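Structural characterization, general
Here is what each chain is made of, one letter per residue.
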Amino acid sequence: QVQLVESGGGFVQAGGSLRLSCAASEPIQRYDMGWFRQAPGKEREFVAYISWSGGRQYYGDSVKGRFTISRDNAKNTVYLQMNSLKPEDTAVYYCAARLARSLLSMVENTYNYWGQGTQVTVSS
């Protein structure tokens, strides 16, 4: 089964940017990929989705226009570019994968594989 490792988290001031990476242990061409996040005391929240080909992306309402998901299948890596960060973006960010399907998904239990998460902290 595919293993996912996130990196790129850290501490940033409000208005700043970070780019998260998710490296997979095998080719990801057959997987849809997603990013989710979980803040302390809150449920895990959908952030972004990208289809297996990269041709379709979808974002949670709270990050639309600020975050961009992309993928490089040749490098088995998915990225999340986060701009104009806000304190409310503070959370552990998780990368997830599922075998490609025709319908996009924002629901975490439709994803079969998860990384360990990377912490993002945004100060005001």
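Each residue is numbered by its place in its chain's sequence as written, counting from 1. Per-residue local features are limited, in this predicted model, to residues with pLDDT of at least 70; the limit for side-chain atom pairs, both in listing and counting, is 80 or more; totals at the level of whole chains, interfaces and linings are taken over all residues. As a convention, hydrogens and water are excluded, and side-chain values are obtained from all of the structure's heavy atoms.

Quick notes on the pairing of strand S5 (residues 45-50)
Within a regular strand, side chains alternate between the sheet's two faces. Residue exposure (1.4 Å probe, protein chains only): buried if accessible area is under 20% of the type maximum, exposed if over 50%, otherwise partly exposed. Here a helix means four or more residues in a row that DSSP labels H or I, a strand means two or more in a row labelled E, and each is numbered from the N terminus. Where burial is concerned, most of S5 is hidden: five out of the six residues are buried. Summarising the sheet, strand S4 (residues 31-38) and S5 pair through five bridges and their orientation is antiparallel. Of the residues in S5, the one forming a bridge with Phe36 is Phe46. The antiparallel hairpin formed by S4 and S5 contains six residues in its connecting segment, where Gly41 sits at a positive phi of about 75°. In this scheme, strands are said to pair when DSSP sees at least two bridges between them. The pairing of S5 with strand S6 (residues 57-59) spans three bridges and is antiparallel. Each bridged residue has a counterpart across the sheet, and for Tyr49 the counterpart in S6 is Tyr58. The turn joining S5 and S6, which pair antiparallel and follow one another in sequence, is formed by six residues; a positive phi near 85° is taken by Gly54.

Some remarks on the packing of aromatic side chains
Working definition: a ring pair exists when centres of Phe, Tyr or Trp rings (six-membered ring for Trp) sit within 6.5 Å. Plane angles under 30 degrees give stacked, over 60 give edge-to-face, the rest tilted. Taken as a whole, this structure holds six aromatic pairs when the rule is applied. Consider the rings of Phe36 and Phe46, whose centres lie 5.7 Å apart with planes at 75°: the pair is edge-to-face. Here Phe46 lies in strand S5 and Phe36 lies in strand S4, a separation of ten residues in the sequence. Phe36 gets classed as buried once you look at its relative accessible area, which sits at 1%. Note on Phe46: relative accessible area 10%, which makes it buried. Site record: aromatic cluster; members linked through ring pairs are Phe36, Phe46, Tyr58, Tyr111 and Trp114.

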